[in-house]
Amino acid sequence: MPNQHRNPSIRNIAIIAHVDHGKTTLVDALFRQSGLFREGQTVDERIMDRGDIERERGITISAKNCSITWQGVKINILDTPGHADFGGEVERALSMVDGVILLVDASEGPLPQTRFVLKKALEAQLSLITVINKIDRPDARPEEVLDEVYSLLIDLDAREEQLDFPLYYAIGREGIAQKTLEERGTNLHCLLDAIVEELPAPTYKPDSPFQMLVSDLDYSDYLGRLAIGKVVNGSIKANQDLVCLGEHDRVTPLRVSKIQAYQGLSLGDAETVEPGDIIILAGVEDVHIGDTICTRDQPKALKRLSVDEPTVAMKFYRNNSPLAGTEGKFVQGSKLWERLQKEALRNVAIQVEPGEDKESFVVKGRGEFQMAIILETLRREGYELCVGRPTVLNRKEDGKILEPIEHVFVDCEEQFVGIVTEKLSIRKSRILTMVNHGSGRARIEFSTPSRALIGYRDEFLTDTRGTGLLNSYLMGYEPYRGDFPSRINGSLVSDRPGKAVPYAIFNLEPRGRMFVQPGDVIYEGMIIGEHNRPGDLEVNPAREKKLTNIRAAGRDDNVILTPITPLTLESALNFLRNDELLEVTPKSLRLRKKILSANERKIASKRGED
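Everything numeric in this text was worked out from a predicted model, so none of it was measured. (Residues numbered from 1 in each chain as written. Predicted model: local features only at pLDDT ≥ 70, side-chain atom pairs only at ≥ 80, totals over all residues. Heavy atoms only, no water.)

> What is the right way to read the overall build of the chain from this model?
Within the chain, the secondary structure is distributed over 15 helices and 35 strands. The buried share of the chain, reckoned over its 610 residues, is 52%. At a minimum sequence separation of 6, the contacts of the chain that also span at least 24 residues come to 71%. Within the structure as shown, the chain displays about 29,100 Å² of accessible surface, and the carbon and sulfur contribution to it stands at 47%. (Helix = DSSP H or I, 4+ residues; strand = E, 2+ residues; numbered from the N terminus. Buried < 20%, exposed > 50% of the residue type's maximum accessible area, 1.4 Å probe, protein only. Contact = heavy atoms within 4.5 Å. Areas by Shrake-Rupley, 256 points an atom, 1.4 Å probe, with all protein chains shown as cover.)

> Hey, could you run me through the environment of Leu305 in this one?
With respect to the helices, strands and loops of the structure, Leu305 is situated in the loop between strand E17 (292-295) and strand E18 (312-318). Ignoring any residue separated from it by four or fewer positions in sequence, one finds Leu305 in contact with Glu91, Arg92, Ser95, Leu213, Val214, Ser215, Ile289 and Gly290.

> Got a minute to help me understand the side chain of Lys364 in this structure?
In this structure, Lys364 sits in strand E20 (residues 360-365). In this structure the side chain of Lys364 is engaged in a polar contact, spanning 3.4 Å, whose partner is the side chain of Glu353. Aside from chain neighbours lying at most four places away, what touches Lys364 is Pro310, Val312, Ala313, Ala349, Ile350, Gln351, Glu353, Met371 and Leu393. (Polar contact = N/O pair within 3.5 Å; in protein donor to acceptor, adjacent residues only side chain to side chain.)

> Mind showing me how you'd approach the packing of helix H8 (residues 333-346) against helix H9 (residues 368-380) here?
Between two packed helices, both the angle of their axes relative to each other and the distance between the axes serve to describe the pair. In the contact formed by H8 and H9, the axes pass within 12 Å of each other and the chain directions differ by 130°. Classified by the angle between their axes, H8 and H9 sit oblique to one another. Crossing of H8 over H9 shows right-handed handedness. Contact residues: H8 offers Leu336, Arg339, Leu340 and Glu343, while H9 offers Ile374, Thr377 and Leu378. Of the residues assigned to the contact of H8 with H9, the class counts are 4 nonpolar, 1 polar and 2 charged. (Axes fitted to C-alpha atoms, helices over the stretch in contact; angles between N-to-C directions. Parallel < 35°, antiparallel > 145°, perpendicular 65-115°, else oblique. Left-handed = near helix turned anticlockwise from the far one by under 90°. Nonpolar A, V, L, I, M, F, W, Y, C, P; charged D, E, K, R; others polar.)

> Explain the packing of aromatic side chains to me, please; I cannot follow it from the model alone.
A ring pair, where both rings are aromatic, is described by two values, the distance of the centres and the angle of the planes. One pass over the full model with this rule turns up 5 aromatic pairs. Consider the rings of Phe330 and Tyr383, whose centres lie 4.7 Å apart with planes at 35°: the pair is tilted. Of the two residues, Phe330 is situated in the loop between E18 and H8 and Tyr383 in the loop between H9 and strand E21 (385-387); the sequence distance between them amounts to 53 residues. Consider the rings of Tyr456 and Phe460, whose centres lie 6.0 Å apart with planes at 50°: the pair is tilted. One end of the pair, Tyr456, and the other, Phe460, are both in helix H12 (residues 456-463), 4 residues apart, so they sit about a helical turn from each other. Overall, Tyr456 belongs to the buried group, its relative accessible area being 0%. The positively charged end of Arg395 is found above the aromatic ring belonging to Tyr477, 3.8 Å away from the centroid. (Phe/Tyr/Trp six-rings, centres within 6.5 Å; stacked < 30°, edge-to-face > 60°. Lys NZ or Arg CZ within 6 Å of the ring centre and 35° of its normal.)

> Help me out: how do you make sense of the side chain of Asp98 in this one?
As for its position among the elements, Asp98 is in the loop between helix H3 (87-94) and strand E5 (99-105). Setting aside anything within four residues of it in sequence, one finds Asp98 in contact with Asn12, Leu126, Ser127, Pro200, Ala201, Pro202 and Lys230.

> Can you walk me through the pattern of salt bridges in this structure?
Side chains carrying opposite charge are able to pair once their charged atoms draw close together. Within this structure, the stated rule accounts for 37 salt bridges. A salt bridge links Asp277 to Lys74, with the shortest nitrogen-to-oxygen separation between them at 3.3 Å. Here the residue Asp277 occupies a position in the loop between strand E15 (266-269) and strand E16 (278-282), and Lys74 occupies one in strand E4 (residues 73-79), the gap between them amounting to 203 residues. We note that Asp277, like Lys74, is buried. Taking the shortest distance from any N to any O, the salt bridge between Glu580 and Lys593 comes out at 3.0 Å. Of this pair, Glu580 sits in strand E34 (residues 580-584) while Lys593 sits in strand E35 (residues 589-593); the two residues are 13 residues apart in sequence, bridging distant segments of the chain. (Salt bridge = Lys/Arg side-chain N within 4 Å of Asp/Glu carboxyl O.)

> Could you clarify how one ought to interpret H12 in this entry?
Helical periodicity: at 3.6 residues per turn, an α-helix aligns residues three or four positions apart in one direction. The set of residues buried in H12 consists of Tyr456, Phe460 and Asp463. Looking down the long axis of H12, one finds its buried residues gathered within 65° of arc, a one-sided arrangement. Those residues of H12 that are buried lie in contact with strand E24 (400-413), helix H10 (417-426), helix H11 (450-453) and strand E27 (469-479). Looking one or two places after H12, you find Arg465, whose phi comes out positive at around 55°. (Arc of directions from axis to C-beta.)

> Would you mind going over a negative patch on the surface with me for this structure?
Taken together, the side chains of Glu143, Asp147, Glu182 and Glu183 present a region of like negative charge at the surface. Of note, Glu143 is situated in helix H5 (residues 142-155). According to the relative accessible area criterion, Glu143 is exposed, its value standing at 51%. (Patch = residues over 30% accessible without salt bridge, like charges linked within 9 Å, V, L, I, M, F, W, Y side chains within 5 Å. Lys, Arg positive; Asp, Glu negative; His and termini not counted. Charge placed at Lys NZ, Arg CZ, Asp CG, Glu CD.)

> How should the nonpolar core be read in this particular structure?
Here is a general trend for soluble globular proteins: nonpolar side chains tend to be buried in one another's company. Grouped together as the largest cluster of nonpolar side chains are 38 residues, with contacts concentrated most on Leu94, Val100, Leu118 and Leu153. Here Leu153 is in contact with Leu118, Leu122, Leu128, Ala158, Gln162, Leu163 and Phe165, once residues within four sequence places are set aside. Of all hydrophobic cores here, the second largest spans 29 residues; its members include Val27, Cys66, Ala170 and Leu199. (Core = buried A, V, L, I, M, F, W, Y, C linked by side-chain atoms within 4.5 Å.)

> How should I be thinking about the pairing of strand E6 (residues 127-133) in this particular structure?
Within a regular beta strand, the side chains point alternately toward one face of the sheet and then the other, so they alternate between its two faces. Taking burial as the measure, the 7 residues of E6 include 6 buried ones, the bulk of the element. For E5 and E6, the ladder comprises 7 bridges, and the chain directions are parallel. From the neighbouring strand, Ile101 faces E6, where its bridge partner is Ile129. Note: E6 against strand E7 (residues 167-171), 4 bridges, orientation parallel. Paired with Ile132 across the bridge in E7 is Tyr169. (Pairing = 2+ DSSP bridges.)

> Help me understand unusual backbone geometry in this model?
Trans is the common state for peptide bonds, and a negative phi is the common state for residues other than glycine. Its identity is not glycine, yet Asp398 carries a phi of approximately 55°, on the positive side. If you trace the backbone, Asp398 turns up in the loop between strand E23 (395-397) and E24. The exposure class of Asp398 is exposed, given its relative accessible area of 81%. With a phi angle near 55°, Arg465 is a residue other than glycine that sits in the positive phi range. Along the chain, Arg465 falls in the loop between H12 and E27.

Rendered as structure tokens:
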């Protein structure tokens, strides 16, 4: 490009991988071998998984930055999520980098979430290094996986130079990389060399004033709002007067109180910054992701971040159950609204708006998994709330309803192909391809409406006895494919408050699957189980055995109850119907009816029929 210079002392890279392909483990090894830690220093595993939820689930949820130094070059590494539901995090990370490392499992090959993130990287015309990881697996098939990578790149319309990528084989757990399968690597030095030599340095215009695209936001109790982004052109110093260019040509003056840059896993103060570096600015209050921070003398906006539209919406309500306020710190609707707005500021992939009834808030996002993570975060922070069933956001074009369609990949044992195909066909899915390598497992690809997957994933795991893999990404929008039956069975609904009693639960077990245990507090309108038949059934889980003064053999047997499977956030959201809510508190998950009173539910039902 004319008048474009490169800063050879910096490399900005992102690592792309599907969930559980070893991305975070490989980053750990890069830290250790680059000399970031002193000899003998005790370091936790999976350092980049910083949140409790990330560590528990073993996945990356939010994109995170860090830096290492190799051969005098600073390498900023961005750890991107491997799940399509966190696509907003992916787009933010890719806006700050010039190259990517594609990490693929030597057995599983490139999976759908890999495809989703890689497509974004290729569209941004980023350079590529491919690493086939876990070559020590007994079922590793690196040559076939390499062919699959080429097929995927061709399918994604990769340019010729992107197809001519450097290739490495690795065992991330042992910190080993090698150029061929025959040689035996001893460290990751060849991969670190490739990052410096093969991936491009950031470009800048030497005669342009300071410009920075805000790609992330954070908050510090001491410094206030923090803006994170890549310096595109120029440089600045602390306490310099700048402006923030927002949407609709909004101009906000600001003064930077502190400049920080990544030094390993932590932040360090920086007096000045170079073009291409990723920095954190303090003292910028009214700023949003996608804004441009630049000089007052020559304000010029950069291209804003474009994020895919949300496909799923959920209603959040303040908790109005009889047990509200007994288990959480924050119950008020205003507190919940403030927290959701704060979440929308940091996460560009979600949108938050007030509901129609003034008692609810609508949160729009990428998928039900993203919603479950938001709910888990809120409950751990002490919030009590209720949420409704996730609904899919359709579009209207030329008077026609268009719905989001997912490309679904199923990998299961041959014996389960029939049940999986049958269930997805009922949900208006269409088979695209089916491959059987004769290994006992089959791979099937479907074109499926997004609404069909709400509530199906748990059913899929049951049908495949926990051995099936199901992944998907958004293909686009197609005309509405028609209605299909959702959950057939009704709910067992408590008709009074009290505590669940063993005798009552034992006598209700023939009626359906139970969700409560003896001693659990219940209230009218609470769902205590799934009915065996269609339609809801009002029951009394607090009924005790009638006492008499007559004793007889066989009358006082011990009650042995069937163990229940505890509800998880995902399984509870999948269970919900349109007239039901999930009560979420720091200690409990309870299913309930929107209208708690049985009489009021009957009246509302009659009004609906009229």
